[in-house]
Amino acid sequence: MLLGVIASFLGATFQALNYTLTQSCQQKYNIDGVKLLVAVHVCIGLFALIPTLVFGYWRLIELDLAWDFFKINAPYLIAQYLLINAIRRSDASIASPLLALKIPVLAVISIVFFGAEFNLMQGISIGLILSLGWYFSSMSGKIDIAPLMLVLGASVFYSLSDMSITQLSHNLIDASPVEQSFATICINYLVCGVFAIPLMKPMKVSFKMAYQAKWVALAWFVAVIFLIIGFNISGVVSGNVVQSLRGVIGVILAYLFFRHQVKQPASVWRKKLIAAAGMFGAVALFYL
């Protein structure tokens with residue numbers, strides 16, 4: 001369980017970094033929407049190709065897995081597109097904390113379809129995480145209805161993708177949860193990259209754009225590896241509870257490295273850091 005929590009925390013850290021890099025890439029290179037989605041996945045496919053060849057994971061790719069790849073990537077790509085547009089319409093610091101909506105979505109799916117149960121402390125924890133996620137977003141700016149609906153939609157589709165990829169990783173290879181996760185991510189994103197390449201010409205995406213999006217791609221690739229390790233070991237809902245810290249981690253990173261560039265009063269930073277401490281407490285409550 002502890003290893004799963006640590007992996008989920010590292011995944012949340014790289015996710016927070018990914019959202020910041022996504023916004024930076026959109027602003028610096030004027031790549032957004034479907035163009036950024038295609039460019040990032042071409043780049044991730046190249047990252048995934050190396051370990052797939054080195055460790056022989058390409059042998060795991062079979063035609064029978066086509067439906068599994070569809071169940072993972074169709075909702076994932078829809079969610080990515082919705083989130084990218086939410087960030088474009090608002091800001092990474094507003095959209096990211098709202099992904100805490102994934103937790104109740106996953107909890108409902110787990111209860112209705114898999115008979116999962118959550119105790120009172122866990123219910124209180126989920127409620128606190130949602131409230132603090134909303135508070136974090138509101139401190140960064142006004143939460144408009146359009147970005148909120150986009151993030152809610154992204155949360156639903158991410159949840160479906162999370163459950164599908166976790167199920168595949170359990171069945172793909174007889175190995176440790178860490179290698180199961182790594183192998184699954186490598187072949188899945190290699191397949192994504194292969195299917196993204198033919199989309200480059202009609203979407204007017206160049207290899208230069210893919211190169212410009214390299215840090216966005218690398219941060220996401222590393223984040224998903226850690227997140228799936230966390231899902232495999234501690235469960236999808238538990239992993240997403242820890243993953244809800246990504247917005248908090250983003251605030252802490254901004255305070256440590258960018259507070260001089262981000263012109264905000266000391267009182268605002270103090271409120272954010274106090275709320276961040278509260279979020280860590282709410283996550284810890286889930287495991288009591």
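Let me begin by describing the structure that accompanies this report. Predicted, not measured: the structure shown is a model, and the values here were computed from it. (Residues numbered from 1 in each chain as written. Predicted model: local features only at pLDDT ≥ 70, side-chain atom pairs only at ≥ 80, totals over all residues. Heavy atoms only, no water.)

Our focus in this paragraph is the environment of His41. Summarising the element assignment, His41 is placed in helix H2 (residues 33–54). Looking at His41, the relative accessible area reads 2%, which means it is buried. Sequence-wise, His41 and Leu190 are 149 residues apart; in three dimensions their C-alpha atoms are separated by 8.7 Å. When neighbours within four sequence positions are excluded, His41 is seen to be in contact with Tyr76, Leu77, Gln80, Tyr189, Cys192, Gly193 and Ala196. At 2.8 Å, the side chain of His41 forms a polar contact with the side chain of Tyr76. (Helix = DSSP H or I, 4+ residues; strand = E, 2+ residues; numbered from the N terminus. Buried < 20%, exposed > 50% of the residue type's maximum accessible area, 1.4 Å probe, protein only. Contact = heavy atoms within 4.5 Å. Polar contact = N/O pair within 3.5 Å; in protein donor to acceptor, adjacent residues only side chain to side chain.)

This paragraph deals with the state of the cysteines. With the rule as written, the count across this model stands at zero disulfides. Here Cys43 is not disulfide-linked; the sulfur of Cys25 is the nearest cysteine sulfur, at 10.0 Å. In this structure Cys43 comes out as buried when scored by relative accessible area, which is 8%. Of all cysteine sulfurs, the one in Cys192 lies closest to Cys186, which takes part in no disulfide; the gap is 12 Å. Look at Cys186 and you get buried, because its relative accessible area is 0%. (Disulfide = S-S within 2.5 Å.)

Turning next to the packing of helix H6 (residues 120–140) against helix H13 (residues 266–286). Their axes nearest at 8 Å, the elements H6 and H13 cross at an angle of 160°. Here H6 lies roughly antiparallel to H13, going by the angle between them. Crossing hand, H6 versus H13: left-handed. Considered class by class, the residues forming the contact of H6 with H13 number 16 nonpolar, five polar and two charged. (Axes fitted to C-alpha atoms, helices over the stretch in contact; angles between N-to-C directions. Parallel < 35°, antiparallel > 145°, perpendicular 65-115°, else oblique. Left-handed = near helix turned anticlockwise from the far one by under 90°. Nonpolar A, V, L, I, M, F, W, Y, C, P; charged D, E, K, R; others polar.)

What follows covers a nonpolar patch on the surface. A contiguous nonpolar patch, built from Leu2, Ile6, Phe9, Leu10 and Phe280 and spanning about 420 Å² of accessible area, is present on the exposed surface. With four residues, the single largest contributor to the nonpolar patch is helix H1 (residues 2–29). (Patch = residues over 30% accessible without salt bridge, like charges linked within 9 Å, V, L, I, M, F, W, Y side chains within 5 Å. Areas by Shrake-Rupley, 256 points an atom, 1.4 Å probe, with all protein chains shown as cover. Salt bridge = Lys/Arg side-chain N within 4 Å of Asp/Glu carboxyl O.)

On to the side chain of Gln122, then. For Gln122, the position within the fold is in helix H6. A relative accessible area of 15% places Gln122 in the buried class. When near neighbours in sequence (up to four residues on either side) are disregarded, Gln122 contacts Glu117 and Phe286.

This paragraph deals with the pattern of salt bridges. Applying the stated criterion across every chain, the model contains one salt bridge. In this structure, Lys102 engages Asp162 in a salt bridge whose closest nitrogen and oxygen atoms are separated by 2.6 Å. Remark: Asp162 occurs in helix H7 (residues 145–172) and Lys102 occurs in helix H5 (residues 102–114); sequence separation between them is 60 residues.

All right, on to the environment of Cys186 then. In this fold, Cys186 is placed in helix H8 (residues 177–196). Residues Cys186 and Leu2, 184 residues apart in the sequence, show an inter-C-alpha distance of 24 Å. For Cys186, the contacting residues outside a window of four places in its chain are Ala48, Pro51, Thr52, Tyr57 and Phe221.

Right, let's get into the packing of aromatic side chains. A complete count under the given rule lists 11 aromatic pairs for this structure. Look at Tyr57 and Phe182: their rings are 6.0 Å apart centre to centre, the planes differ by 75°, and that puts the pair in the edge-to-face class. Residue Tyr57 is found in the loop between H2 and helix H3 (66–89), and its partner Phe182 is found in helix H8; the two are separated by 125 residues along the sequence. Judged by relative accessible area, Phe182 falls into the partly exposed class, the value being 22%. Members of the aromatic cluster, joined through ring pairs, are Tyr76, Tyr158, Tyr189, Trp220 and Phe221. Sitting over the face of the ring of Tyr211, Lys214 holds its NZ or CZ atom 3.9 Å from the ring centroid. (Phe/Tyr/Trp six-rings, centres within 6.5 Å; stacked < 30°, edge-to-face > 60°. Lys NZ or Arg CZ within 6 Å of the ring centre and 35° of its normal.)

This part covers the nonpolar core. With 90 residues, the main nonpolar core has Leu83, Ile129, Tyr158, Ile185, Tyr189 and Trp220 as its most contacted residues. Looking at which element gives the most residues to this core, the answer is helix H10 (residues 214–234), with 10 residues. Sequence-distant contacts of Tyr189, that is, excluding residues within four places in its chain, are made with His41, Ile44, Gly45, Ala48, Tyr76, Trp220 and Val224. (Core = buried A, V, L, I, M, F, W, Y, C linked by side-chain atoms within 4.5 Å.)

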